[in-house]
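Secondary and tertiary structure notes
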Amino acid sequence: MNGDWDIVNGRSHAQRHNTRVASEACAVSPHRKAGPCSADPCPRCEQCAESRDRGGQRRKRTPDGERDRQPVNREPVHVSNIFVAAKIGITARGGRVFPCPGLLQSGDGWDARRRRRRNRAGDGMQRTADEPRQREQHQPRGAPLMLTGALSALAALSVCVGFASAAPCPGTNGHLRFGSISYRQVSGYTVSFKIETQWRRSFSSENVFAGSGEDGRAVLGDVVDVPGVQISAAGVAGPVVFQTGDGTQHPLFLTVTHHSLNNSEDFLHGYSMVEHTYRAPNDGGNDWLASLSGCCRQYGPAFREFQITARVNLALDGESLRAKALPMIVITNSPVMHNVNILANTYMGATAMAWRIAQGSELGTATMPPTSAATFPVATSGMLALNGSALGIGCHPIVVQIASVRSVTPYDAIIKVIPHHMEPLRPVFILGKPLLTSYSSPGIRSAEMGTLHGYAGYMIYFTLSARTSRVGSRLADIRSMALPEGAVLVNMTTEGSLGNHILNVDFKWTPEVAQSHTHFVCFEAIDAPSDGDADMLSSGQHCVQLEVEAINPAPAFDQPAPNATALFYMRVPNAFIISGINDNPYDEIVLTSQFPLTVGQTLSPPVASEKRIKATDPATRVSASAILSWTPGLTLGSYEETICFILSQAGGPGITPATSTRCLLMIVQRCKYMTQPGDDMRKVGELFESDWLSLWALNVNLHTFDPPAYTEVLIGREYEVQAGDTLDSIAKEFGTTIEGIKRLNYDLTLSETAARVLSNSKTICILPDTCTE
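Residues numbered from 1 in each chain as written. Predicted model: local features only at pLDDT ≥ 70, side-chain atom pairs only at ≥ 80, totals over all residues. Heavy atoms only, no water.

It is worth spelling out the overall build of the protein at this point. Scanning the protein for helices and strands turns up 15 helices and 46 strands. Every one of the 773 residues in the protein was classed for burial, and the buried ones make up 51%. Sequence separation of 24 or more characterises 69% of the internal contacts of the protein that already satisfy a separation of 6 or more. Of the accessible surface of the protein, which amounts to about 33900 Å², a share of 52% is contributed by carbon and sulfur atoms. (Helix = DSSP H or I, 4+ residues; strand = E, 2+ residues; numbered from the N terminus. Buried < 20%, exposed > 50% of the residue type's maximum accessible area, 1.4 Å probe, protein only. Contact = heavy atoms within 4.5 Å. Areas by Shrake-Rupley, 256 points an atom, 1.4 Å probe, with all protein chains shown as cover.)

A few words on the packing of aromatic side chains. For the coordinates displayed, the defined rule picks out 17 aromatic pairs. Seen from their ring centres, F507 and F523 are 6.2 Å apart, and the 90 degrees between their planes marks the pair as edge-to-face. Separated by 16 residues along the polypeptide, F507 in strand 32 (residues 500-509) and F523 in strand 33 (residues 517-529) bring together distant segments of the chain. Among the residues examined, F507 registers a relative accessible area of 0% and is labelled buried. Each residue in the set Y183, F193, F242, Y278 and W288 is aromatic and connected to the rest through ring pairs, giving one cluster. The lysine or arginine in question, R184, covers the ring of Y347, its NZ or CZ lying 3.5 Å from the ring centre. Above the ring of Y461, the side-chain terminus of K508 is found at 4.8 Å from the ring centroid. (Phe/Tyr/Trp six-rings, centres within 6.5 Å; stacked < 30°, edge-to-face > 60°. Lys NZ or Arg CZ within 6 Å of the ring centre and 35° of its normal.)

A separate point is the pattern of salt bridges. As enumerated under the stated definition, the model contains 17 salt bridges in all. Here R356 ties to E362 by a salt bridge, and the two come within 2.8 Å at their closest N and O atoms. Several salt bridges converge on common partners, so that one network encompasses E265, R479 and E524. (Salt bridge = Lys/Arg side-chain N within 4 Å of Asp/Glu carboxyl O.)

On to unusual backbone geometry. In the segment running from C295 into C296, the intervening peptide bond is cis, with an omega of 15 degrees. You can see C296 is positioned in the loop between strand 14 (288-295) and strand 15 (305-312). A cis amide bond links Q559 to the next residue, P560, at an omega of 0 degrees. Positionally, P560 belongs in the loop between strand 35 (556-559) and strand 36 (564-570). Of note, the phi angle at N491 is positive, near 55 degrees, even though the residue is not glycine.

Overall, mixed pairing links the four strands, which are arranged 28-34-33-30 in an open sheet. At either margin of the open sheet sits one strand with a lone partner, and together these are strand 28 (450-455) and strand 30 (473-479). Strand-to-strand, the axes of this sheet are offset by a mean angle of 25 degrees, without reference to chain direction. The pairing of strand 30 with strand 33 spans six bridges and is classified as antiparallel. By the bridge assignment, S473 is partnered in strand 33 with P529. (Pairing = 2+ DSSP bridges. Axes fitted to C-alpha atoms, helices over the stretch in contact; angles between N-to-C directions.)

For the rest of this paragraph, the subject is helix 13 (residues 727-734). Owing to its 3.6 residues per turn, the α-helix brings residues three or four apart onto one side. If you check which residues of helix 13 are buried, you get L727, I730, A731 and F734. The arc that holds every buried residue of helix 13, seen down its axis, measures 100 degrees, which confines them to one face. Opposite the buried face of helix 13, at more than 90 degrees from it, the exposed residues are K732 and E733. Positive backbone phi, at 65 degrees, marks G735, one or two positions downstream of helix 13. (Arc of directions from axis to C-beta.)

Turning our eyes to something else, we now look at the sheet that holds strand 31 (residues 488-497). With antiparallel pairing, the four strands of this open sheet are ordered in space as 25-29-32-31. The open sheet has two edge strands, strand 25 (428-429) and strand 31, and neither has a second partner. Pairing analysis gives eight bridges linking strand 31 to strand 32, with the strands arranged antiparallel. Bridging across to strand 32, S497 finds its partner in N500.

Here it is in structure tokens:
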């Protein structure tokens, strides 16, 4: 147990190999009765390893100083799954774990340093750097290093971790870089977990992270096993598994979504999906604790275990938050506080309610920075305050718990602190649509976010542009590790040259109705020096807030007003504007008449404003307008009809266009005529087949036989139909004809019934014959 604590807390190798630990190692050695370990106590546990050669054979000195070799009987494997041997390059025998042979060949690795110390202790004299290497050349490869129990698995895991990278952050030879767990309720008590993780891509074993990349390792689209080792309570090493909290375990397979661009980045990022059915919505009123745990973290003290824990309570939360902040937060070592948004939202657009630094079992064996270096000043804001000077240059684990109503999402990430003098060399986002690198203080990048609005069913589309001015560098990527489901980054284009290079990429996402409300997307721009393995610089996290409206607003008419009436005169041209707007700027609107127009009416082709193509376009709404034109003929007096117009969205695949209708009452003045240029009373009489004297008698307000143009004159008088009236009786009464009455009343010509049956109180226009007795 004490040994476990020593390993977990990252003590130096010299400290771990003190006399007490050495005695324990010898006590469990299979060679306890032979070789140097037969002495009790054993002076150093390295001597146990000294008694074995690399070929797995016991060495025994002959009297003349030469060594003979005898086969060593090995016990069968007792680890819980051969996965350990296959995936982390460790051979296990009788509960003991031996590191992979490949690394033991390295003259610069941890094992070489152990041999150099061992040689000095055995000979009592100083050796040169070359002597241990010469000794290695005479040893057969593959000699396993004997460790004990659970310590053996953890220590061996740290040994078998591959080639050294050019990363600016010195690692511990662990491999976990980032982890987060979210879930969505499928039905009943069945949930779908999404476990997002990031690992060190250069993990050593040939079977781990092998993929379709040019270097033989995994790249985008590959599916690989999740590496690492988990030690059971009985001290048995096994593969890392996902535990749902109810005693069930699931193996994990990583679908790769991102990978490093060069050896200095050295990461593999992706997700694992697990569907699980619980027996109840919660654990007897408590939350189910779903977790991914094992060893080891890449950064921080050596042998730090990870314990990524999410809380599940289906009685209160049908889905949890998904962390949207980047897996690695990059700041400088300035003493001025950096503010970083640790953002999260659910699939359906709900946002987080509280944040805090993880504690206790939520950390595994990691240690968190002091509050002077990392803290949430306001627990409900999600703004993490970081002091790069207090943290120090390097990479530091940070574990945050993000709470919704009851569910809790872990955000197990890295804070990378770079020298402050590197700040001017970092990439920046430009153009401000929607991201722009700004500064809250000199040299301190702001966490300010822009907000864009969209509608369910319509694409949210914008272009990101970033620039690097670092000498000899180009921009290699603009990326986001947690795009909304269904979103993509496409159409990457470049401009400029090394040292003045611009990269553009398009974000496109068509949210579903279920994805309405608030979503966060965080990006970073990465440069690539001309030296392919040199350190890459990041712009740091830049985020945008997307507000998705679930309800697609229907277009609305501007003109005409509701219940409006349009008045016309016979032979007088007139026009009215029909127009509308739509508060959804992502769709065009179409303006049409509900039914075909008649009697010479026309609607001009609608003129529509430009819709919003990109979410950053200035349009806040779209509009359409057309002109209704009409010149009623001489036979259309008393015309009265309601004409309706429709405003409709153009719509698209999966979209039901919203529509609006507006109607206009069209009336041609009854018994009235507007004179046109050149008209006199005689000409007006001829137009309506009447004598001018009768018209003159009706227009008592006229003072001239030749009225000015656009003067309203009466061409008849209004008569209210009485009970028993017919057109024939009315014509006889006023000395006119049925045809003469119809000529002044268009509505009486629409059907035989209209002309034959006159309703009481109906008003018609008649022109009496004043010259007939």
